[in-house]
Structure formats: C-alpha cells, structure tokens
Amino acid sequence: MSTRGVETDEQQRIRFQVELEFVQCFANPNYLHFLAQRGYFKDPAFVNYIKYLQYWKEPAYAKYLKYPMCLHFLDLLQYEHFRKEIVNGQCARFIDDQQILHWQHYTRKRVKLLQSQAEKHMMTLQNEPTPQKSV
C-alpha cells in the first residue's frame, strides 16, 4: 500500500491476481486438507479472510474463475464443521473422488447433448427447401 493507505493501480492488479489464484485453489480438496492439517482454519484472521473472499461469488468477479467449483467450497468453508472435517484425509479423498465422478458424468452427458443438438441441426438443414434460382 502507498503511504496514504490507498492502493495504486498496480497493487490492485496484483491483489486481484493473487486472490483469484488463491480462491481457485479451493476447488482442490487436497489443498483444503493441506491448509486444515497446518491449522489455518483454526486461525480467526484466516477464517475472516475466507469470509472476505466471498465477493468472488458476484458475477462481476466470478466470470474470471476458471474453476467455478471453488465457489462451492468457498461456501462450505464458511462452516466450522466443514473446516474441522476436511482435516481428515479420508474426507478429502472422498470429496476428491466425488468431484472426479461428477466431471466424468458431466463430460459424458455434455458430449451426448452436443451430439444430439448437432444431429437436430443437420436434420433441419436437410429438411429445408433449397431456394430455386429464377432465370
């Protein structure tokens, strides 16, 4: 920060990038487990920082997220019970496994949806009458 307590444009840009990267790390249950094992979730200042990061759920900021699943974990981190449970390695592995299953199912479902849309589009193109040129 500058001497007056106001961030310069460069400092704001760097803080944005750092917070963007950090909040996206929440999409990784193993990273959450790492933080929990080291006691970060017991630190009131850190818990307060997690509350502050909720501004990433606003559309103006969320549009920059590459891993939107992090927002779900950001919500879960607001609960003390979740912060206590994620210290358990089995809990982190279970969540990680569920995420993988979700993405596998989502990918298959998405491919089928895109294929059916493409087939419907081809059918409509084939059924359209071709314009006749007048001579």
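Our subject is the structure that appears above.
Calculation criteria
- Residues numbered from 1 in each chain as written.
- Predicted model: local features only at pLDDT ≥ 70, side-chain atom pairs only at ≥ 80, totals over all residues.
- Heavy atoms only, no water.
- Helix = DSSP H or I, 4+ residues; strand = E, 2+ residues; numbered from the N terminus.
- Rg over C-alpha atoms; globule rule 2.2 N^0.38 Å.
- Buried < 20%, exposed > 50% of the residue type's maximum accessible area, 1.4 Å probe, protein only.
- Contact = heavy atoms within 4.5 Å.
- Areas by Shrake-Rupley, 256 points an atom, 1.4 Å probe, with all protein chains shown as cover.
- Lys, Arg positive; Asp, Glu negative; His and termini not counted.
- Charge placed at Lys NZ, Arg CZ, Asp CG, Glu CD.
- Arc of directions from axis to C-beta.
- Polar contact = N/O pair within 3.5 Å; in protein donor to acceptor, adjacent residues only side chain to side chain.

Engineer: So what exactly am I meant to see when it comes to the overall build of the protein chain here?
Structural biologist: Assigned secondary structure in the protein chain consists of 7 helices and 0 strands. When the helices and strands of the protein chain are listed from N to C terminus, the series reads α-α-α-α-α-α-α. A globule of 135 residues ought to have a C-alpha radius of gyration of about 14 Å, yet the protein chain, at 23 Å, is considerably larger. Overall, the C-alpha framework of the protein chain stretches about 80 × 45 × 15 Å when taken along its three principal axes. Expressed as a percentage of the 135 residues in the protein chain, the buried residues total 25%. Within the protein chain, contacts between residues separated by at least 24 positions form 67% of all contacts whose residues are at least 6 apart in sequence. Accessible area for the protein chain stands at about 10400 Å²; split by element, carbon and sulfur atoms hold 57% of it. Of note, the protein chain has its 18 positive side-chain charges centred 4 Å away from the centre of its 14 negative side-chain charges.

Engineer: Sorry, what's going on with helix α2 (residues 29-37) here?
Structural biologist: Two residues of an α-helix separated by three or four positions point the same way, owing to the 3.6 residues in each turn. Of the positions making up α2, those classed as buried are P29, L32, H33, L35 and A36. The buried residues of α2 occupy one face: seen down the axis, they fall within an arc of 160°. N-capping of α2 is provided by N28, with a side-chain oxygen placed 2.8 Å from the backbone N of N30.

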